[in-house]
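Structural overview for review
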Amino acid sequence: MCSRPITNYPAGTTVRIDRLSGGRGARTRLCALGLTPGTMVTVDSSGNGPCRLRVRESDLVLGAGLANSIYAEEIGGERP
């Protein structure tokens, strides 16, 4: 399966982060928030506006630009 930006997944989808793109500042910020490759994340809402994620029992809201830097693959039926 091919990874794609996390904003392309519908609400309720559980994904595994494949890679982070963007500049060093964006990657550093995402890693500081716990969004590292291999992490399982549930997409609560996405689209053109802010993207709401559930990761490691926490809720995060990212702007669309930063959320588009997260590439992930869908995993079936598992919860983070």
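Residues numbered from 1 in each chain as written. Predicted model: local features only at pLDDT ≥ 70, side-chain atom pairs only at ≥ 80, totals over all residues. Heavy atoms only, no water.

Considering the environment of Thr39
Heads up, the condition is: Segments assigned H or I by DSSP are reported as helices when at least four residues long, segments assigned E as strands when at least two residues long, and all are numbered from the N terminus. We call two residues contacting when some pair of their heavy atoms lies within 4.5 Å. Counted as a polar contact is a pair of N or O atoms within 3.5 Å, where, for protein atoms, one must be capable of donating a hydrogen and the other of accepting one, and residues adjacent in sequence contribute only when both atoms are in side chains.
With respect to the helices and strands, Thr39 occurs in the loop between α1 (24-32) and β3 (40-45). Each residue touching Thr39, except ones within four places of it in the same chain, is listed here: Val15, Arg16, Ile17, Gly34, Val55 and Arg56. Within the local environment of Thr39, its side chain forms a polar contact with the backbone oxygen of Thr36, the two atoms lying 2.9 Å apart. Among the polar contacts listed, one links the side chain of Thr39 to the side chain of Arg56, at a separation of 3.1 Å.

A word on the state of the cysteines
Counted only if it meets this: Any two cysteine sulfur atoms lying within 2.5 Å of each other are counted as a disulfide.
The full count for this structure, using the stated rule, is zero disulfides. This cysteine, Cys2, is not joined by any disulfide, and Cys51 carries the nearest cysteine sulfur, 18 Å off. Lacking any disulfide linkage, Cys31 is separated from the closest cysteine sulfur, that of Cys51, by 17 Å.

Observations regarding the pattern of salt bridges
The criterion, for reference: Salt bridges, as used here, are contacts in which a Lys or Arg side-chain nitrogen is within 4 Å of a carboxyl oxygen on Asp or Glu. Relative accessibility decides the category of a residue: with a 1.4 Å probe and only protein chains considered, values under 20% of the type maximum give buried, values over 50% give exposed, and everything between is partly exposed.
Per the stated rule, a full pass over the model turns up three salt bridges. Residue Asp44 pairs with Arg52 through a salt bridge whose shortest N-O separation is 4.0 Å. Arg54 is the partner of Asp44 in a salt bridge, and the nearest nitrogen-oxygen pair spans 2.6 Å. With a gap of ten residues between them, Asp44 in strand β3 and Arg54 in strand β4 (residues 51-55) connect regions that are remote in the sequence. By relative accessible area, which is 22% here, Asp44 ends up partly exposed. For Arg54, a relative accessible area of 30% puts it in the partly exposed group. The network of salt bridges with shared partners includes Asp44, Arg52, Arg54 and Asp59.

Quick word on the nonpolar core
Just so we agree on the cut-off: Working definition of a nonpolar core: buried Ala, Val, Leu, Ile, Met, Phe, Trp, Tyr and Cys residues. They are joined through side-chain atoms within 4.5 Å.
Membership of the largest hydrophobic core comes to 17 residues, with the highest contact counts inside it found for Ile6, Leu35, Val41, Leu53, Leu62 and Ile70. For this core, the secondary-structure elements that each account for two or more residues are β2 (14-20), β3, β4, β5 (58-62) and β6 (70-74). Contacts of Leu35, omitting those with residues within four sequence positions, involve Ile17, Leu20, Leu30, Val41, Leu53, Val55, Leu60, Leu62 and Ile70.

Digging into the sheet that holds β4
Heads up, the rule is: The rule for pairing is simple: two strands pair if DSSP sees at least two bridges between them.
Taken in spatial order, the six strands line up as β1-β6-β2-β3-β4-β5 in an open sheet, and their pairing is antiparallel. Each end of this open sheet is capped by a strand with a single partner; those strands are β1 (4-5) and β5. Bridge count between β1 and β6: two bridges; the pairing is antiparallel. Looking at the pairing, Pro5 lines up with Tyr71 of β6.

Geometric descriptors of this kind do not, in isolation, establish any biological role.
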